[in-house]
Amino acid sequence: MMRGMNMQQMMKQAKAMQKKMMAEHEELAKQEFVGKAPDDMVTAKFNGDKTLLDLKINPAAVDPDDVDMLQDLLVAAINDGLKQVDEATQQKLGKYTRGMGM
């Protein structure tokens, strides 16, 4: 009987932790993150689910003779935004996956 109580208690704790983790994930999904290229020439706004919400390009970054520079700025801003989402996700949800080999 004692063993059944422990298992029941563990299941209850697991469900509570799952509920809390889902709530934190939903909260994270609502946050916005803005990635920036050098000199804010390009900004990319994401939500916590890594969905690109907005992309702004400073007109000074648009040089028809140097498309490569604009592409590099886009990549920099997007990567910066995604990195911010990953860091926030790890900070908020990492406690649930530590020690699980994930």
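Before reading further, recall that the structure is shown in the block above.
All of the points below concern the structure found in this document. (Residues numbered from 1 in each chain as written. Predicted model: local features only at pLDDT ≥ 70, side-chain atom pairs only at ≥ 80, totals over all residues. Heavy atoms only, no water.)

Thoughts on the nonpolar core
Grouped together as the largest cluster of nonpolar side chains are 15 residues, with contacts concentrated most on Leu 28, Phe 33, Ala 37, Val 42, Ala 61, Leu 73 and Ala 77. Those elements giving two or more residues to this core turn out to be strand 2 (42-47) and helix 2 (67-97). Ranked by residue count, the leading element in this core is helix 2, at 7 residues. Once residues within four sequence positions are removed from consideration, Ala 61 is found in contact with Met 41, Met 69, Leu 70 and Leu 73. (Core = buried A, V, L, I, M, F, W, Y, C linked by side-chain atoms within 4.5 Å. Buried < 20%, exposed > 50% of the residue type's maximum accessible area, 1.4 Å probe, protein only. Helix = DSSP H or I, 4+ residues; strand = E, 2+ residues; numbered from the N terminus. Contact = heavy atoms within 4.5 Å.)

Quick notes on the pattern of salt bridges
Inspection of every chain in the model, using the stated rule, returns 6 salt bridges. Of the charged contacts, one joins Glu 32 and Lys 45 as a salt bridge, the two residues approaching to 3.6 Å between their closest N and O atoms. Taken together, the residues Glu 32 in strand 1 (residues 32-36) and Lys 45 in strand 2 connect sequence positions 13 residues apart. Residue class for Lys 45 comes out partly exposed when judged on its relative accessible area of 28%. (Salt bridge = Lys/Arg side-chain N within 4 Å of Asp/Glu carboxyl O.)

Things to note about a nonpolar patch on the surface
Residues Leu 52, Leu 55, Ile 57 and Val 62 make up a contiguous nonpolar surface patch of roughly 310 Å² in combined accessible area. With respect to the helices, strands and loops of the structure, Val 62 is situated in the loop between strand 3 (52-57) and helix 2. (Patch = residues over 30% accessible without salt bridge, like charges linked within 9 Å, V, L, I, M, F, W, Y side chains within 5 Å. Areas by Shrake-Rupley, 256 points an atom, 1.4 Å probe, with all protein chains shown as cover.)

A short note on the sheet that holds strand 3
Taking strand neighbours across the sheet as the criterion, the 3 strands line up as 1-2-3 in an open arrangement whose pairing is antiparallel. Across the chains shown, the open sheet's two edge strands, defined by having one partner strand only, are strand 1 and strand 3. Adjacent strand axes in the sheet meet at a mean angle of 15°, parallel and antiparallel pairs treated alike. Its contacts with the sheet put helix 2 on strand 1, strand 2 and strand 3, and the angle it makes with strand 1 is roughly 145°. (Pairing = 2+ DSSP bridges. Axes fitted to C-alpha atoms, helices over the stretch in contact; angles between N-to-C directions.)

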